[in-house]
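# What the coordinates show
Okay, here's what each chain looks like letter by letter:
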Amino acid sequence: MNLSEQFQKDGFVRVGADAASLAWTRHALPHASAAARDPARAHWLRCGGTWFVGVDALPNDRDGRLEGGPPLAGAALEGIRDDLGFRLPLHRAQVSVCYPGYPQPSPEESEAAFRFRLNRDAAHVDGLLAEGPEKRRFLREPHAYVLGLALTAQSDTASPLVAWEGSHRIMQDMFRTVLGGHPPASWPEIDVTEAYQAARRRAFDTCRRVALPTAPGEAVLLHRHLLHGVAPWGEAATAPPEGRIIAYFRPEFADHREWLDRP
């Protein structure tokens with residue numbers, strides 16, 4: 001099964017490390033660690049100090065290049081470009097860092113939201129932002145895909161990424177039902193909360209939850225509609241002092257219709 005076939009079947013693909021991805025990872029790690037320690041980004045520290053969200057925290061250019069280093073390259077990027085046909089410029093990557101004890105209760109999160117994070121890995125589809133006191137869901141960021149690259153070496157239970165296998169098909173069917181009859185320009189203003197929550201429950205009931213731990217230079221490519229989250233830190237989990245660090249790229253489509261209709 002090639003990358004495209006597995007991507008469409010499961011909604012995710014794991015891609016092993018190679019020389020190009022390892023070169024980028026080694027150069028990116030000190031930049032990511034510095035971003036997580038930057039006092040100016042302290043507002044990104046959540047969950048009782050156990051998760052650094054790090055949105056747009058990596059200072060890379062549109063090719064993924066950091067100062068003095070190589071562009072982002074390797075088998076994962078080749079698959080995205082050649083097998084899936086995505087040729088979008090890269091944005092500044094998210095630097096997601098988990099620390100021992102993740103997650104912990106915090107003032108910015110309700111008790112129900114914390115339980116969902118603890119028991120359901122805060123499962124979500126990227127690009128649907130929860131807004132207002134009632135956390136209504138709207139499509140704000142029409143991502144083409146999600147690409148995560150591990151920067152650190154840690155044990156498999158150190159808050160790995162988790163995904164619900166095949167859930168992208170359930171979520172895509174729901175989005176087509178809710179949004180498909182409306183002009184794409186109006187989609188960001190359509191409240192999808194109830195339909196999204198119902199589809200998410202169906203995915204929990206029918207799709208296999210898969211943990212996706214990674215080592216430095218390894219990549220995980222997610223379908224834009226895939227339900228995924230982050231597992232709690234395991235009791236015996238180990239990681240380097242800087243924590244478990246993953247860099248995430250989520251280029252956006254210019255056309256919302258592509259977000260809905262593209263396989």
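Everything here concerns the structure above.
My aim in this report is to walk through the structure given alongside it, one point at a time.

The rules behind these values
- Residues numbered from 1 in each chain as written.
- Predicted model: local features only at pLDDT ≥ 70, side-chain atom pairs only at ≥ 80, totals over all residues.
- Heavy atoms only, no water.
- Helix = DSSP H or I, 4+ residues; strand = E, 2+ residues; numbered from the N terminus.
- Rg over C-alpha atoms; globule rule 2.2 N^0.38 Å.
- Buried < 20%, exposed > 50% of the residue type's maximum accessible area, 1.4 Å probe, protein only.
- Contact = heavy atoms within 4.5 Å.
- Areas by Shrake-Rupley, 256 points an atom, 1.4 Å probe, with all protein chains shown as cover.
- Lys, Arg positive; Asp, Glu negative; His and termini not counted.
- Charge placed at Lys NZ, Arg CZ, Asp CG, Glu CD.
- Pairing = 2+ DSSP bridges.
- Axes fitted to C-alpha atoms, helices over the stretch in contact; angles between N-to-C directions.
- Salt bridge = Lys/Arg side-chain N within 4 Å of Asp/Glu carboxyl O.
- Core = buried A, V, L, I, M, F, W, Y, C linked by side-chain atoms within 4.5 Å.
- Polar contact = N/O pair within 3.5 Å; in protein donor to acceptor, adjacent residues only side chain to side chain.
- Parallel < 35°, antiparallel > 145°, perpendicular 65-115°, else oblique.
- Left-handed = near helix turned anticlockwise from the far one by under 90°.
- Nonpolar A, V, L, I, M, F, W, Y, C, P; charged D, E, K, R; others polar.

## A few points about the overall build of the protein
A count of helices and strands for the protein gives 7 helices and 12 strands. Relative to a compact globule of 263 residues, whose C-alpha radius of gyration would be 18 Å, the protein shows 18 Å and is just as compact. Projected onto the principal axes, the alpha-carbon positions of the protein cover approximately 45 × 45 × 35 Å. Of all 263 residues assigned to the protein, the portion counted as buried reaches 51%. Across the protein, every contact between residues at least 6 apart in sequence was considered, and the portion connecting residues at least 24 apart equals 85%. Carbon and sulfur atoms make up 52% of the accessible area of the protein, which totals about 11,700 Å². Of the charged side chains in the protein, 30 are positive and 33 negative, and the gap between their average positions amounts to 2 Å.

## A closer look at the sheet that holds strand β9 (residues 209-212)
Taken in spatial order, the 3 strands of this open sheet run β9-β8-β11, and their pairing is antiparallel. Taken across any chain shown, the strands that pair with only one partner, and hence form the sheet edges, are β9 and β11 (228-230). Across the sheet, the mean angle separating the axes of adjacent strands is 25° when strand polarity is ignored. Sheet topology places strand β8 (residues 161-164) next to β9; 4 bridges connect them, and they run antiparallel.

## Observations concerning the pairing of strand β4 (residues 94-98)
Within β4, 5 of the 5 residues are buried, which leaves the element mostly enclosed by the surrounding structure. Side-chain alternation along β4 places Gln94, Ser96 and Cys98 on one buried face and Val95 and Val97 on a second face that is also buried. With 2 bridges connecting them, strand β3 (residues 51-52) and β4 associate as antiparallel partners. In the strand pairing of β4, Phe52 is matched with Val97. Where β4 and strand β12 (residues 244-249) come together, 5 bridges link them in antiparallel fashion. Bridging from a neighbouring strand, Val97 pairs with Ile245 of β12.

## Notes on the pattern of salt bridges
Under the defined criterion, the tally for this structure stands at 15 salt bridges. In this structure, Arg87 engages Asp82 in a salt bridge whose closest nitrogen and oxygen atoms are separated by 3.7 Å. Salt-bridge contacts for Arg209 lead to Asp121; the nearest nitrogen and oxygen are separated by 2.8 Å. Placement of the pair is Arg209 in strand β9 and Asp121 in the loop between α4 (111-120) and β5 (128-131), with a sequence separation of 88 residues. Taking the relative accessible area as the measure of exposure, Arg209 reaches 41% and is therefore partly exposed.

## Notes on the pairing of β5
Note that β5 and strand β6 (residues 136-139) share 4 bridges and pair antiparallel. Note on β6: the bridge partner recorded for Leu128 is Leu139.

## Some remarks on the nonpolar core
Membership of the largest hydrophobic core comes to 58 residues, with the highest contact counts inside it found for Trp24, Leu147 and Phe175. The next biggest cluster of nonpolar side chains, apart from the first, holds 11 residues, and it includes Val146, Leu212, Val220 and Leu226.

## Brief notes about the side chain of Ser167
Inspection of the secondary structure assignment puts Ser167 in helix α5 (residues 167-179). Side-chain polar atoms of Ser167 contact the backbone nitrogen of Leu227, separated by 3.0 Å. In this structure, Ser167 is in contact with Ala203, Cys207, His225, Leu226 and Leu227, ignoring residues within four places of it in sequence.

## Considering unusual backbone geometry
In the segment running from Tyr102 into Pro103, the intervening peptide bond is cis, with an omega of -5°. The residue Asp56 is not glycine, and still its phi comes out positive at about 55°. Inspection of the secondary structure assignment puts Asp56 in the loop between β3 and α3 (75-83). Of note, Lys135 is a non-glycine position whose phi angle comes to about 55°, a positive value.

## Re the environment of Asp173
Here Asp173 shows up in helix α5. A relative accessible area of 47% means that Asp173 is categorised as partly exposed.

## Comments concerning the packing of α5 against helix α6 (residues 193-206)
One way to put it is that α5 packs onto α6 with a least axis distance of 9 Å and a crossing angle of 160°. Our classification of the angle between α5 and α6 gives roughly antiparallel. Like other packed secondary-structure pairs, α5 and α6 cross with a definite hand, here right-handed. Facing Ser167, Ile170, Met171, Met174 and Val178 of α5, the residues of α6 in contact are Ala195, Tyr196, Ala199, Arg200, Arg202, Ala203 and Thr206. The residue makeup of the contact of α5 with α6, split by class, is 8 nonpolar, 2 polar and 2 charged.

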